[in-house]
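Structural overview for review
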Amino acid sequence: MNILRKPFRYSFFNATLALILVNIAVHFLIISLHLNRNFFGLSVVGFVYQHHFWQIFTYMFVHGDISHIFFNMLALFFFGIGVERALGSKEFLLMYFTIGVLSGLFSVAVYYAFGIFLANNGIQPWTFGISLIGASGAVYGILFSYAVLFPRSRIFIWGLIPVPAPIMVLAYAVIEFGSQFIGSSNVAHMTHLAGFGFAWLYFFARMGVNPLRIWKDAYRN
């Protein structure tokens, strides 16, 4: 058997709720102890030059403010529990952290490459100082996974408008792609897109599943 696709024995132990509780605890711990978020956030300076390699994991548990952590954890609650029940807790955790780590690595690599480009053209490499924080990359990967596992599921926008899960993923992808090049917010749209991309690769490499084929089959008739 291909070791990459060797399955775990199914078990369920509410890993989603544990992740939510840890994220909330870390958020308030940082606030109460007045810790520097940049020390735990992922940046070129910290990860590449100062060798703070833990940042590739810790950045997923650090959030900027209440709204940042609230919406990330709300999405993780709604979509994570379903994905965890379908795959089992061990597979869910492997997926969550694999997507989160790879999304972070991708983002810091882009920041580094663009910073080198700026430096070579006599411009201050401001991307080196960007600190990536939040569970968004991993959470977007879970949203993508939900749409693959439950392709005919409908998600109610604002509790009123039913949208098929795959269409919602496509809409989010278009919005995130456009937002990456339009506007000047601090949201890491590139990391969100990376979450989708690495979730796709995870299904393909780990499970031998083509998400596009799943969606085509689900809506063929």
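Preceding this section is the structure that the text describes.
Let me begin by describing the structure that accompanies this report. Just so it is clear, the structure is predicted and the values come from calculations on it, not from any experiment.

Below, the discussion takes up the packing of helix α6 (residues 89-120) against helix α9 (residues 189-207). The relative placement of two packed helices comes down to the angle between their axes together with the axis-to-axis distance. The N-to-C vectors of α6 and α9 enclose an angle of 130°; their axes lie 8 Å apart at closest approach. In terms of axis orientation, α6 runs oblique to α9. Relative to α9, α6 is oriented so that their crossing is right-handed. Of α9, the residues touching α6 (which contributes Glu91, Leu94, Met95, Thr98, Ile99, Leu102, Ser103, Phe106, Ser107, Val110 and Tyr111) are Met190, Thr191, Ala194, Gly195, Phe198, Ala199, Tyr202, Phe203, Arg206 and Met207. Grouping the amino acids of the contact of α6 with α9 by side-chain chemistry returns 14 nonpolar, 5 polar and 2 charged.

Taken as a whole, this structure holds 21 aromatic pairs when the rule is applied. The interplanar angle of 90° and the centroid separation of 5.2 Å between the aromatic rings of Phe39 and Phe40 together place this pair among those described as edge-to-face. Residue class for Phe39 comes out partly exposed when judged on its relative accessible area of 38%. With a centroid separation of 6.2 Å and 35° between ring planes, the pair formed by Phe92 and Tyr96 is classed as tilted. Pair noted here: Phe92 and Tyr96 are both in helix α6, with a separation of 4 residues, about one helical turn. Accessibility classification places Phe92 together with Tyr96 in one group, the buried group. One aromatic cluster in this structure is built from Tyr140, Phe144, Phe196, Trp200 and Trp215. Above the plane of the ring of Tyr219 lies Arg152, whose end atom (NZ or CZ) is 4.9 Å from the centre.

Running from N to C, helix α5 (residues 66-87) and α6 cross one another at 125°; their axes reach a closest spacing of 7 Å. Judged by the angle between their axes, α5 and α6 are oblique. You can see that α5 and α6 cross each other, and the crossing is right-handed. Only Ser89, Glu91, Phe92, Met95 and Tyr96 of α6 make contact with α5, whose side of the interface consists of Leu76, Gly80, Val83, Glu84 and Leu87. Class assignment of the residues belonging to the contact of α5 with α6 gives a composition of 6 nonpolar, 2 polar and 2 charged.

Here is what the cut-offs are and how they apply
- Residues numbered from 1 in each chain as written.
- Predicted model: local features only at pLDDT ≥ 70, side-chain atom pairs only at ≥ 80, totals over all residues.
- Heavy atoms only, no water.
- Axes fitted to C-alpha atoms, helices over the stretch in contact; angles between N-to-C directions.
- Helix = DSSP H or I, 4+ residues; strand = E, 2+ residues; numbered from the N terminus.
- Parallel < 35°, antiparallel > 145°, perpendicular 65-115°, else oblique.
- Left-handed = near helix turned anticlockwise from the far one by under 90°.
- Contact = heavy atoms within 4.5 Å.
- Nonpolar A, V, L, I, M, F, W, Y, C, P; charged D, E, K, R; others polar.
- Phe/Tyr/Trp six-rings, centres within 6.5 Å; stacked < 30°, edge-to-face > 60°.
- Buried < 20%, exposed > 50% of the residue type's maximum accessible area, 1.4 Å probe, protein only.
- Lys NZ or Arg CZ within 6 Å of the ring centre and 35° of its normal.

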